[in-house]
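Residue-level structure breakdown
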Amino acid sequence: MVADTLVPPPAIWVGREEELDRLRQARRQAQAAGRPVVLSAVHGMGGAGKTALARALAAEVAADYPDGRIEVDLFGFTPGHEPRDPGEVLGELLAQVGFDPADIPAHPQAKVGLWRSWLASRRVLLILDNARDAAQVQPLLPGVGAAGGCLVVVTSRNQLTELDAAARIRVDTLPPQDAAALLVEAAGRSRAEIRATGEELAELARLCGYLPLALRPVGALLARLSAAELIEVMRAADHPLHYLDEADRAARTAFTVSYQALSPALREVLGACAWHPGPDFDAGSLAALTAKPRPLAAVRLAELLQRNMLIGLPHGRYTFHDLFLGYARHHTGYSADDPGVRQARHRLYQHLTATTDTAISTLTTKSTNHTGNAFATPTQARTWLSAATGELTTAAYTALTDHWSQAPTLAHHVARWLRLDDRYEQAAGLYTALHTTAQTTGDQRGQADALQGLGITARLQNEYGRAADYHHQALQIYQDIGNRRGQANALHSLGITAQLQDEYGRAADYHHQALQIYQDIDDRLGQADALHSLGITARLQNEYGRAADYHHQALQIYQDIDDRLGQANALHSLGITAQLQNEYGRAADYHHQALQIYQDIGNRGGQADALQGLGETTRLQDEYGRAANYYGRALQIYQDIGDRGGQADALQGLGDIARLQDEYGRAANYYGRALQIYQDIGNRGGQADALQGLGETTRLQDEYGRAANYYGRALQIYQDIGNRGGQADALQGLGDIARLQDEYGRAANYYGRALQIYQDIGDRRGQADALQGLGDIARLQDEYGRAANYYGRALQIYQDIGDRRGQANALHSLGITARLQNEYGRAADYHHQALQIYQDIGNRGGQANALQGLGITAQSQNEYGRAADYHHQALQIYQDIDDRLGQANAHLGLALLAEGQGQPQTAAQAYQSAATLYTEIGFTEQANQCSTAYQRIKRKA
């Protein structure tokens, strides 16, 4: 007689292929290793489908076990039943396989010996379903010396870690797609007959918690009801299954049996978890809720996870299954208003307030000493904050609702973290709740603080008008209640906002007012911050000397008060200012000093910012390889710390490098990735900057229509957010496109509009750049006098603001204009002056361009030897800096020179080299012209 009590798998079976594959693989591996027993422990929460999975495997492999195929329900978690005694089960098993009741011993250990003796030489499939614990299962297993090759599959809601299992398979909820499919199968109708869209099925599956135990009865209801009706009913309840009797009864029973199996200590802990605000928590939070030591809380959470009462999340966090939270709260017997629950939550709020404050301080620390800190490094702090964001946000809201006395402090800490993490909408929502609470309680200081937060958040979203409005409201309240520090903070914020709107005069005025108050109340940190901002405003007005002076004053105060973060920020700003003065060596030195401090204090965001600055500095020195390395390192750090805005900025820099190296495909990819991130985080200014980069790239590929589209989109965004400097930059780009399309009237109009804006906002560098564009138009229209006038005015401005690169560019343009007027001596003089400046500031690309100009001028004077020498020098530099367009132009210059000297072979070779390079970088028209010239010379030869 062969015992065969297997129960077939359910007729409706969806998904679980991954889990089933793992069971199959474990069985194959054990067989290949010669192991006589494959013990697979299948565990998971009630109703997840553990038994169905075991039965599915059994149905596949039953034929391989001819001596017996037995399934036993151990009643470990069966309502109304106590877990079965192993001795009783052994007696039943021995009877099933043919032993006469009289031959079955009464002593439990004797039964174990008889059972294992029988299994030793046989191939038996044994499913031990619904086990309570390992002690219930151990006596039923084959012995160590068994050689018959049995397969044992154990299912339990507990992990049964004591068992020596060849495989442990956790059965979680179904993936959303499989859960939706199970709903359809359970309805017993075709997909076309069910009244449900794909989105409705997905929502219904979510409301069922993706748990088969709930999905099957709810799916059955789809045979007569629409998904929309079911969704409406489930959403109207305090928990989704409340009005669905069969599903609710099954889920409630599954939870209740598991709950009753817990020890009193674990029930107490689970109750505390149930009254946590959600959506998840860690051992620190549970320790606060239960007033127990953190290590003990960690042990209790691990034990609940082993019993599948909680779901484990990364970074040591836990959560409830959506369906079981309500049942857990019911079993605690408490309500949210119970004094014990409120006290526990207050302890939790206190814990989260202190931990969040410590984490943010570590993240933006001014100290190198983290001894005794909960977080040894800023990376650890950010990891905790990122993982705990859901808990922190929910707790901040519930603390306000619970009227906890320190709730505003917690909420402000959380809102600040949300801002640091680029979660501006969530931050704004929390500040709005703070403002509403403060209004309700008549707390004027609280209202002003919340308005300040709303203003900062709006500013970070590039909504400068709204930001200014919030700050003005805050300022008024601070003035009404006589809070001078608050007034200074609001004025400082108004200054930053005005600065971002290119209103530099107003910005400076606000910063000066803030500085005066900070001085009056002896707030040295505030003074340093205001001076730093004044430096930035001066820099944006191209007043680099004044900017450096403000930054130096700020740096001195930061040093006096030992604020190392402030020191690093001031040094970083000094680096940017020196860079704009073309003092690249000093700029790099400042950035390196800032980088060192950021590294000393563990501020990874600052490190990335300093690396960005070094990337900019080396890019301006045409050291593209080093610049790309700096940008790449910055990008890696931004990715590590989750700073998406920083990632986009670094990608912009990498796009600039690729564009300057004529790698337009890579450049477009970088700009496109930056654009996507800016869109994701709602940074409209960043979006416009990325579109500008895409415009530059497509313009260089002669795709003028696409380039104009990019510039136009950038212009629209700049107009929407009130960024007038950006508008002028976009108009400059549109002017370049019109010029390249020989639409000189339109080009002049764009340049003129850009010039007007630059004049309105006091951007002298922008004015000079626009004058350069107008000079190009006049020169292309053969109006050399007007061109020289524009270039001369641009040169004067560049000299006034100390922009040496700009001076060299203007001199180079004046040289071209003089040459076109046949004033070769003056042309050469201008190019020599430009060359000298380019050499002084280390701009190798500019040097090559000036040498090219000198070569063409010498050629026009029939000084062919000198002309060739200039072209060769230019070519060498272009090759050194990997400027392929420059190389192509230099080869073309040498070809024209050689052909004019009657050297056809040299000319042909140079034309061919130019054609190859033009083709590589996508300059098709120029490539064709050079190829035609090459063929013409070859035909003559």
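Residues numbered from 1 in each chain as written. Predicted model: local features only at pLDDT ≥ 70, side-chain atom pairs only at ≥ 80, totals over all residues. Heavy atoms only, no water.

Some remarks on the environment of A468
As a reminder of what qualifies: Only DSSP runs of H or I covering at least 4 residues are called helices, and only runs of E covering at least 2 are called strands; the numbering of each starts at the N terminus. Any two residues whose heavy atoms approach within 4.5 Å at even a single point are treated as in contact.
Here A468 is to be found in helix α20 (residues 464–481). Residues A468 and I496 lie 28 residues apart in sequence; the distance between their C-alpha atoms is 9.5 Å. Not counting residues within four places of it along the chain, the set of residues in contact with A468 comprises L494 and T497.

Points about helix α9 (residues 227–236)
Applied cut-off: Only protein chains enter the accessibility calculation, which uses a 1.4 Å probe; a residue is then buried when its area is under 20% of its type maximum, exposed when over 50%, and partly exposed in between. Arc, as used here, means the arc of the directions from the helix axis to the C-beta atoms.
Among all positions in α9, only A227, L230, I231 and M234 are buried. Projected down its long axis, α9 shows its buried positions confined to an angular sector of 100°, all on one face. Along α9, the residues that are exposed and aim more than 90 degrees away from the buried face are E232 and A236. Next to the buried residues of α9 lie α7 (198–207) and α8 (212–221).

Here's the deal with a negative patch on the surface
Let me state the cut-off plainly: Patches were defined on residues exceeding 30% relative accessible area and lacking a salt bridge, with like-charge contacts within 9 Å and nonpolar side-chain contacts (Val, Leu, Ile, Met, Phe, Trp, Tyr) within 5 Å. Per-residue accessibility takes into account occlusion by the displayed protein chains alone, with areas from the Shrake-Rupley method and a 1.4 Å probe. What makes a salt bridge here is a side-chain nitrogen of Lys or Arg within 4 Å of a carboxyl oxygen of Asp or Glu, nothing more. Residues scored as positive are Lys and Arg, those scored as negative are Asp and Glu, and His as well as the terminal groups of each chain are ignored. Each charge is placed at NZ for Lys, CZ for Arg, CG for Asp and CD for Glu.
Together, D609, D649, D689, D729 and D769 line one region of the surface with negative charge. Secondary-structure assignment places D649 in helix α29 (residues 644–660). Take D649: its relative accessible area is 36%, and that puts it in the partly exposed class.

Side note on the domain arrangement of the protein
Our working rule: Domains are outlined according to an automatic or database domain assignment.
Assigned domains within the protein: domain 1 (17–154), domain 2 (176–183 + 196–281 + 301–332) and domain 3 (803–882). With centres defined by C-alpha atoms, the gap from domain 1 to domain 3 works out at 89 Å.

Considerations on the UniProt feature "repeat: TPR" (unreviewed entry) in the protein
Note the following rule: UniProt positions are given in the numbering used here, feature names are shortened, and annotations may be inferred rather than shown by experiment.
Under the present numbering, the feature "repeat: TPR" (unreviewed entry) in UniProt falls on residues 608–641 and 688–721. Between the end C-alpha atoms of residues 608–641 the distance is 10 Å, and the span holds 91% helix and 0% strand. With 91% helix and 0% strand, residues 688–721 has its two end C-alpha atoms placed 10 Å apart.

A few points about the confidence of the model for the protein
Heads up, the rule is: Looking at any residue, its pLDDT shows the predictor's confidence there, from 0 to 100.
Of all residues in the protein, 97% have pLDDT values of 70 or greater, and the mean over the chain is 90. Long-range and interchain partners of residues 367–371, a stretch whose pLDDT sits below 50, account for nine contacts in this model, where long-range means more than four residues apart.

A few points about the pairing of strand β2 (residues 69–73)
Put simply, the rule reads: Any two strands with at least two DSSP bridges between them are considered paired.
Here β2 lies mainly inside the structure; four of its five residues are buried. As defined by bridge partners, β2 adjoins strand β3 (residues 125–131) across five bridges and the pair is classed as parallel. Following the sheet pairing, D73 is matched in β3 by D129.

Thoughts on the sheet that holds strand β8 (residues 317–319)
Here we have three strands laid out as an open sheet, ordered β6-β8-β7, and antiparallel in their pairing. Strand pairing shows two members of the sheet lacking a second neighbour, β6 (281–282) and β7 (311–313), which therefore form its edges. Bridge count between β7 and β8: three bridges; the pairing is antiparallel. Following the sheet pairing, G312 is matched in β8 by Y318.

Let's talk about the layout of surface pockets
We count it as follows: Here a cavity denotes grid points, spaced 1 Å and computed from the protein atoms alone, that fit a 1.4 Å probe unable to get out, and a pocket denotes an open set having protein on both sides within 12 Å along at least 5 of 7 lines; residues with an atom within 4 Å of a point are the lining. Grid points are joined across faces, edges and corners, and a volume is the space filled by probe spheres set on the points. Gly counts as polar in this scheme, as do all residues outside two lists: the nonpolar Ala, Val, Leu, Ile, Met, Phe, Trp, Tyr, Cys and Pro, and the charged Asp, Glu, Lys and Arg.
In this structure, the second largest pocket occupies an estimated 630 Å³ of space. Taken together, 29 residues make up the lining of the second largest pocket; nearest its centre are G47, A48, G49, T51 and L213. Of all elements in the fold, only α2 (50–61), β3, α8 and α10 (245–260) reach the threshold of two or more residues within the lining of the second largest pocket. Residue composition of the lining of the second largest pocket, by class: 14 nonpolar, eight polar and seven charged. Domain assignment of the residues forming the lining of the second largest pocket places at least three in each of domain 1 (17–154) and domain 2 (176–183 + 196–281 + 301–332).

Quick look at the pattern of salt bridges
Using the criterion set out here, one finds 52 salt bridges in the structure. Of the charged contacts in the structure, one is a salt bridge between E19 and R16, with a shortest N-O distance of 3.2 Å. We classify E19 as buried; its relative accessible area is 15%. Across the pair E616 and R619 runs a salt bridge whose closest N-O atoms are separated by 2.8 Å. Pair noted here: E616 and R619 are both in helix α27 (residues 604–620), with a separation of three residues, about one helical turn. Assessed through its relative accessible area of 23%, E616 is described here as partly exposed. Among the charged side chains, a network of salt bridges with common partners joins E17, D21, R24 and E60.

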